[in-house]
Amino acid sequence: MEFFKTLTLPQVLAHLTDSGITAAHFETVSLLDALGRIAASDCLAPEDMPMFDRSTVDGYAIIGRESAGASEAIPGFFQLAGESLMGEAIEQQLQSGQAVYVPTGGMLPPGADAMVMIEFTEKMDHETLLVYKPSPPGAHISYRGDDVRKGDIVVAAGRRIDSYDIGMLAGAGYDTVCVYRKPKVAVISTGDEVRPVGEPITFGQIYDVNGYTISARLLELGCDVVEKALVSDNYEMLRETVETSLAKADIVILSGGSSVGTRDFTARVIESFEGGRLITHGIAIKPGKPTIVGKIDDKFIIGLPGHPASALIIFNAVVKPLIYQLMPHAPTPFVIEALLSENVHASPGKDTFQMVQLYREGSSWHCKPIYAKSGMMSLLATASGYIHMTNEKEGLSAGTAVDVYLLQEVRL
Ligand SMILES: Nc1nc2c(c(=O)[nH]1)N[C@H]1C(S)=C(S)[C@@H](COP(=O)(O)OP(=O)(O)OC[C@H]3O[C@@H](n4cnc5c(N)ncnc54)[C@H](O)[C@@H]3O)O[C@H]1N2
Ligand code: MOO
């Protein structure tokens, strides 16, 4: 019997990148709606930030060197010469020996080069300020352009916009942002035994885990889940669901039904469409070997294995790179170097993903392999990340320093 026509992981990834699938279109969204989206172009600062030299404290603007030597015993004497009002420009030139009141964030009068904090001063009378501490030039001032220079990139194209970026964009005056359109993805769970959550199940049945984990991962990555269906092992029904999904989605993801059991229809369904073809039925990868990658015209259809942990591992290894072609973004994989607590075996000829749990001992990170059958969801729920052993590796011995890839994206 002919089993899977299996490609290696690098071959599958090369197929995805060479497929000509390109970035989805752009759209302009309001600033808050840009949260979690990928910037489609560089956002530049239209002005210096701040736009003017401003005080970082409540106090008095002075010429710094004129406070040299001031102390409690021998204070400096300054002539009170008015105040700088919040939100207003001050044109009054500070003269030698003068002090102008400036609140935190207020503009410094021209000629001033230092701020003295109010708690180190005392008004002797309406005209005279005593200064008890020296404030050297530059003290407590945020200079024009200190934060960001006009024309600097505030948020670079390809960056996933987070709450801190929203602050930068607001500071630069952006009320809208140009982002990549969300890739539209359909998620189809298959299997007679799989039931929707919220309904009672009988002996032999299981709840639909994959529909939720895959949809949740897609939402985390910034996609639109345009369809979330659960279909029994019925060729016609599956074909119909794939057809309606194709009409509204950029990518269709199925789970279950990718192996070679008599009721595993995914491959047949893909091939039944005009323009439908299998790129691979199987990847040399562990876990997740019975993965299907197919195309119907120019849209990818990925058949993930039914086992929830395998499905998520393949999602990260194959679907995520595909999504990032539609929404160009190069997340830096966050890697922690850790010492292996015990020997691990790989499967030569396959890319092996070994789940591990990280722990700290003294000043270094260690990692312990977690073994569970790939049908066990707890495998991923307890893992910190995985080590990737490429297909020529036979294993690694205890004490080896390995790279642990975290399961969740992090901001760098
Ligand atoms: N003769 C062979 N049999 C199998 C092989 C093989 O190489 N030769 N590979 C095994 C591996 S590895 C995996 S993984 C599975 C994948 O099979 P399918 O993709 O066809 O998935 P199913 O058979 O439909 O389901 C497998 C398992 O996962 C459960 N499942 C399915 N969908 C869901 C869901 N939405 N939520 C939760 N759990 C789900 C299902 O009940 C099964 O227990 O094939 C092996 N067989
Ligand atoms: O390759 Mo399967 O995905 O181990 O469970």
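Calculation notes
Along every chain, residues carry numbers that run from 1 in the direction the sequence is written. A letter from A marks each chain and a number from 1 marks each ligand, given out in the order of writing. Selection of residues for local features in this predicted model requires a pLDDT of at least 70, selection of side-chain atom pairs for listing and counting requires 80 or more, and totals for whole chains, interfaces and linings are taken over all residues. Side-chain calculation: all heavy atoms of the structure are included, whereas hydrogens and water are not. For the exposure calls, accessible area comes from a 1.4 Å probe over protein chains only, and a residue counts as buried if that area is under 20% of its type's maximum, exposed if over 50%, partly exposed in between. Note on conventions: DSSP H or I runs of at least 4 residues are helices, E runs of at least 2 residues are strands, and numbering of each starts at the N terminus. It is the directions from the helix axis to the C-beta atoms whose arc is reported. Whether two residues touch is decided by their heavy atoms; if any such pair falls within 4.5 Å, the residues are in contact. Stacked, edge-to-face and tilted labels apply to pairs of Phe, Tyr and Trp rings (six-membered ring for Trp) whose centres lie within 6.5 Å, assigned for plane angles under 30 degrees, over 60, and everything in between, in that order. Here, any two strands with at least 2 DSSP bridges between them count as paired. If a single non-hydrogen atom of a residue is within 4 Å of a molecule or strand, that residue counts as near it. Definition of a polar contact: a pair of N or O atoms within 3.5 Å, with one able to donate and the other able to accept a hydrogen when the atoms are protein atoms, and with sequence-neighbouring residues admitted only if both atoms are side-chain atoms. Each accessible area value is a Shrake-Rupley result obtained with a 1.4 Å probe; residue values ignore everything except the protein chains displayed when judging cover. The classification used treats Ala, Val, Leu, Ile, Met, Phe, Trp, Tyr, Cys and Pro as nonpolar, Asp, Glu, Lys and Arg as charged, and all other residues, Gly among them, as polar.

Student: For this particular structure, what's the right way to read helix α1 (residues 9-17)?
Tutor: Note on helix geometry: an α-helix contains 3.6 residues per turn, so any two residues three or four positions apart are oriented the same way. What α1 keeps buried is the set Leu 9, Val 12 and Leu 16. All buried residues of α1 fall inside an arc of 65° around its axis, so they share one side.

Student: Looking at this model, I keep getting lost on the environment of Ala 249. Mind explaining?
Tutor: Residue position: Ala 249 is located in the loop between α4 (235-248) and β18 (251-255). Owing to a relative accessible area of 1%, Ala 249 belongs among the buried residues under this scheme. Sequence-wise, Ala 249 and Lys 123 are 126 residues apart; in three dimensions their C-alpha atoms are separated by 71 Å. Each residue touching Ala 249, except ones within four places of it in the same chain, is listed here: Lys 184, Val 185, Ala 186, Val 226 and Lys 299.

Student: What is the right way to look at the packing of aromatic side chains in this model?
Tutor: For any pair of aromatic rings, the description consists of the separation of the ring centres together with the inter-plane angle of the planes. Under the counting rule described, the total for this entry stands at five aromatic pairs. With centroids separated by 5.2 Å and ring planes inclined at 70°, the aromatic side chains of Phe 353 and Tyr 386 adopt a geometry described as edge-to-face. Taken together, the residues span a long stretch of sequence, with Phe 353 in strand β25 (residues 351-361) and Tyr 386 in strand β27 (residues 385-389) at a distance of 33 residues. Judged by its relative accessible area of 9%, Phe 353 falls in the buried class. Under the relative-accessibility criterion, Tyr 386 is labelled buried at 17%.

Student: In this structure, what is going on with the pairing of β25? I would like to understand it.
Tutor: Side-chain positions along a regular strand alternate between the two faces of the sheet. Strand direction decides the pairing type here: strand β20 (residues 283-286) and β25, joined by two bridges, are parallel. For Ile 285, the partnering residue across the bridge sits in β25 and is Asp 351. Note that β25 and β27 share five bridges and pair antiparallel. Counted as the bridge partner of Val 356 is Gly 385 from β27. Relative to strand β26 (residues 364-369), β25 runs antiparallel, the two sharing six bridges. When the bridges of β26 are listed, Glu 361 appears paired with Ser 364. The antiparallel hairpin formed by β25 and β26 contains two residues in its connecting segment, where Gly 362 sits at a positive phi of about 60°.

Student: Quick question: what am I supposed to make of the site of ligand 1 here?
Tutor: Around ligand 1, 21 residues are found, and the nearest of them are Glu 193, Asp 208, Val 209, Ser 258 and Ser 259. Contact between ligand 1 and Val 209: a nitrogen atom at 2.9 Å from a main-chain N or O atom of the residue. One of the backbone nitrogen or oxygen atoms of Gly 306 is found 3.0 Å away from an oxygen atom of ligand 1. Protein chains bury 69% of the 870 Å² of accessible surface belonging to ligand 1 in isolation. Those elements giving two or more residues to the shell around ligand 1 turn out to be β14 (184-190) and β16 (206-207). Each residue belonging to the shell around ligand 1 can be placed in one class, and the counts come to nine nonpolar, nine polar and three charged.

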